[in-house]
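# Structural features, examined
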Amino acid sequence: MRASDETRDAGHARYTYRLRLSRAAGRALRAEWDRCRWVWNSCVASSRQAHCDGEKCGPAHLDKLLTGWRGEHEWLRGGASVPQQQIIRDFAKSRAKALKDIKARLPMRQRAGMPRFKKKALAAVSLNYTLRGFRLKDSRLHLAGGIVATVVWSRELPAAPSSVRVYRDALGHWYASFVVETRVQPFPETGRVIGIDWESRRPPPPHPTTTTSPTSNMARTRRRNLPGINA
């Protein structure tokens, strides 16, 4: 098969765009993040308690806890379940990475560390949605929970996105990062080559006017500036 006809899979790539939100949409996203942050902190507390009791705390156990939390708290049940499930996935990955580093006996400076509590004033807002939690309609982003955001399309998406991450930076600007599948298609072969002729196998000699090294010039300037040398 020729290179021009060959197409290889290259995994996935992220395409990030600016979001324009109304005041109601901004309040709704911040409320969703408060719920997800509470879920994360509850996972941290449950993980530490499970460690003290010698029990396991995997994603399946955390999913059961989330079901119980949503049943107990009406305000938590009022939010979308997709970002809450995704933050549990993120917590499980972070905890698994920390346990793997501990098992591998990596130095402390190289370990990821166990997940910690997220403080409201310090934690960055970040919400993940899968295909069940978002859709694109009329060039606008519709999120679970009835949240609608206008996307500033600086370029077109090469394919349909499989997930999106909505986050806010330190300046208060909102962004949407779409994950799409990408492919690499090599350029067609032309038979042409590029050559560089050095005209010599040895590097060029130094310029004949260069008689002193920069080190000697620096030493001479240092001696000249020292007090008492020229007195």
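The notes below deal with the structure included here. The numbering scheme is per chain: residues are counted from 1 as the chain's sequence reads. Totals for whole chains, interfaces and linings use every residue, but because this is a predicted model, local features are given only for residues with pLDDT of at least 70 and side-chain atom pairs only at 80 or more, for both listing and counting. Only hydrogens and water are set aside when side-chain values are computed; all heavy atoms of the structure are taken into account.

### Focus: the packing of aromatic side chains
Filter applied, for reference: Aromatic pairs are defined between Phe, Tyr and Trp rings, using the six-membered ring for Trp, whenever the two ring centres lie within 6.5 Å; interplanar angles under 30 degrees are classed as stacked, those over 60 as edge-to-face, and all others as tilted. Secondary structure elements are taken from DSSP: a helix is a run of H or I of four residues or more, a strand is a run of E of two residues or more, and numbering for both begins at the N terminus. Buried residues are those whose accessible area, probed at 1.4 Å on protein chains only, stays under 20% of the maximum for their type, while exposed residues exceed 50% and partly exposed ones sit between those limits. As a reminder, the over-ring test applies to NZ of lysine and CZ of arginine, requiring each to be within 6 Å of the ring centre and within 35 degrees of the ring normal.
A full pass over the atoms with the stated rule returns eight aromatic pairs. Ring centres of W38 and W75 lie 5.4 Å apart, and the angle between their planes is 85°; on these two criteria the pair is classed as edge-to-face. With a gap of 37 residues between them, W38 in helix α1 (residues 23-53) and W75 in helix α3 (residues 74-77) connect regions that are remote in the sequence. On the basis of relative accessible area, W75 is assigned to the partly exposed category, the value being 41%. Ring centres 5.6 Å apart and planes at 20° place the aromatic pair Y167 and Y175 in the stacked group. Its end group placed over the ring of W40, K118 keeps NZ or CZ at 4.4 Å from the ring centre.

### Details of the side chain of R95
In plain terms, the rule: In summary, the charge assignment counts Lys and Arg as positive and Asp and Glu as negative, without counting His or the chain termini. Salt bridge, as used here: a side-chain nitrogen of Lys or Arg that lies within 4 Å of a carboxyl oxygen of Asp or Glu. In this description, contact between two residues means that some pair of their heavy atoms is separated by no more than 4.5 Å.
On the secondary structure map, R95 appears in helix α4 (residues 81-103). Buried charged residue R95 carries no salt bridge. Nearest counter-charge: E55, at 9.8 Å. Once residues within four sequence positions are removed from consideration, R95 is found in contact with S47, C57, M114 and P115.

### Examining the pairing of strand β5 (residues 147-152)
Quick reminder of the rule: Strand pairing follows a simple DSSP-based rule, namely that at least 2 bridges must link the two strands.
Where burial is concerned, the two faces of β5 differ: the one with I147, A149 and V151 is buried and the one with V148, T150 and V152 is not. Judged from the four bridges that link them, strand β4 (residues 140-143) and β5 form a sheet pairing that is antiparallel. Paired with H142 across the strands is V148, a residue of β5. In this antiparallel pair of consecutive strands, β4 and β5, the connection spans three residues, and G145 shows a positive phi of 100°.

### Remarks on unusual backbone geometry
Even without being glycine, R105 reaches a positive phi, approximately 60°. Among the structural elements, R105 can be located in the loop between α4 and β2 (126-130). Residues other than glycine seldom take positive phi values, yet D138 does so here, at roughly 55°. If you trace the backbone, D138 turns up in the loop between β3 (134-137) and β4.

### Let's talk about the pattern of salt bridges
Oppositely charged side chains can form a pair if their charged atoms are brought close together. Per the counting criterion, the structure on display carries three salt bridges. R89 is the partner of D63 in a salt bridge, and the nearest nitrogen-oxygen pair spans 3.0 Å. Here D63, found in helix α2 (residues 59-72), pairs with R89, found in helix α4; they are 26 residues apart in sequence, far enough to count as distant. Under the relative-accessibility criterion, D63 is labelled partly exposed at 24%. Exposure remark for R89: the relative accessible area of 33% places this residue in the partly exposed category. Between K97 and D101 there is a salt bridge whose closest N-O contact spans 2.7 Å. Taken together, the residues span about one helical turn, with K97 and D101 both in helix α4 at a distance of four residues.

### Remarks on α4
Going by this rule: Between the first and last residue of a helix there are one fewer steps than residues, each counted as 1.5 Å, and that sum is the expected span.
The terminal C-alpha atoms of α4, which comprises 23 residues, lie 33 Å apart, in line with the 33 Å expected from a rise of 1.5 Å per residue. What α4 keeps buried is the set V82, P83, Q84, I87, I88, F91, A92, R95, A98 and D101. Looking at the buried side of α4, the elements it contacts are α1, α2, α3 and β2.

### Describing the pairing of β4
With four bridges connecting them, β3 and β4 associate as antiparallel partners. In the sheet register, R135 faces β4, and the bridge partner there is H142. Remark: two residues form the turn of the hairpin made by β3 and β4, two consecutive strands paired antiparallel; D138 in that turn has positive phi of roughly 55°.

### Section: a nonpolar patch on the surface
Counted only if it meets this: Only residues whose relative accessible area exceeds 30% and that form no salt bridge enter a patch; like-charged residues are grouped when within 9 Å of one another, and nonpolar side chains (Val, Leu, Ile, Met, Phe, Trp, Tyr) when within 5 Å. Areas reported here follow the Shrake-Rupley algorithm with a probe of radius 1.4 Å; residue values treat only the protein chains shown as occluding.
A contiguous nonpolar patch, built from L99, I102 and M114 and spanning about 230 Å² of accessible area, is present on the exposed surface. The exposure class assigned to M114 is partly exposed, which follows from its relative accessible area of 33%.

### Re the side chain of S42
The cut-off we apply is this: Counted as a polar contact is a pair of N or O atoms within 3.5 Å, where, for protein atoms, one must be capable of donating a hydrogen and the other of accepting one, and residues adjacent in sequence contribute only when both atoms are in side chains.
In this fold, S42 is placed in helix α1. You can call S42 buried: its relative accessible area is 14%. Within the local environment of S42, its side chain forms a polar contact with the backbone oxygen of W38, the two atoms lying 2.9 Å apart.

Fair warning: the whole summary comes from geometry, so function is off the table for now.
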